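# Overview (structure and organization)
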Amino acid sequence: GVSMPERTCVGCRGKAEQADLVRIVVVDGRFAVDARRRLGGRGAYLHPGCVARARKTRAVQRALRGGAGEPAQLAEVLEALEAPEQARSLGQNGT
């Protein structure tokens, strides 16, 4: 089959297929989860399980060069990702 593009998780620095990672982007100065990978701009990729680590190390802000987004608002986005039911629904490949 077609191989998925690989991306590096900003939390653990491990490589993974794009489908296994959550993409976070900055849109109009707000951080957002790009669940369908359709949003343009700079994205930071994370394993759902690396969200807590990325929050501690501010890896997402670094990956997005600050992105002009509000750190508090990013924290909300990441907290939502850490909720297990969110992670499950994001983990499906929407096929």
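Residues numbered from 1 in each chain as written. Predicted model: local features only at pLDDT ≥ 70, side-chain atom pairs only at ≥ 80, totals over all residues. Heavy atoms only, no water.

## Side note on the pairing of strand β3 (residues 22-27)
Stated precisely, the cut-off is as follows: Strands are labelled as partners when DSSP assigns at least two bridges between them. A run of DSSP states H or I qualifies as a helix once it reaches four residues; a run of E qualifies as a strand once it reaches two. Both are numbered from the N-terminal end.
As defined by bridge partners, β3 adjoins strand β5 (residues 43-46) across four bridges and the pair is classed as antiparallel. Within β5, the position partnered with V22 by the bridge is L46. Taken together, the four bridges between β3 and strand β4 (residues 30-33) define a ladder with antiparallel strand orientation. The partner of V27 across the bridge, within β4, is R30. Hairpin geometry of β3 and β4 is characterised by an intervening segment of two residues between the two adjacent antiparallel strands and by a positive phi of about 50 degrees at D28.

## What about the confidence of the model for the protein chain?
Which entries qualify depends on this criterion: As a per-residue measure, pLDDT tells how confident the predictor is, with possible values from 0 to 100.
Confidence along the protein chain averages 84 in pLDDT terms, with 83% of residues attaining 70 or more. Confidence, read as mean pLDDT per element, is least for helix α4 (residues 84-91) in the protein chain (53) and greatest for strand β2 (residues 15-17) (96).

## Looking at the environment of S3
What counts, and what does not: Only protein chains enter the accessibility calculation, which uses a 1.4 Å probe. A residue is then buried if its area is under 20% of the maximum for its type, exposed if over 50%, and partly exposed in between.
Its place among the elements puts S3 in the segment before β1 (6-8). Exposure remark for S3: the relative accessible area of 63% places this residue in the exposed category. Considered as a pair, S3 and E17 are 14 residues apart in the sequence and their alpha carbons are 8.5 Å apart.

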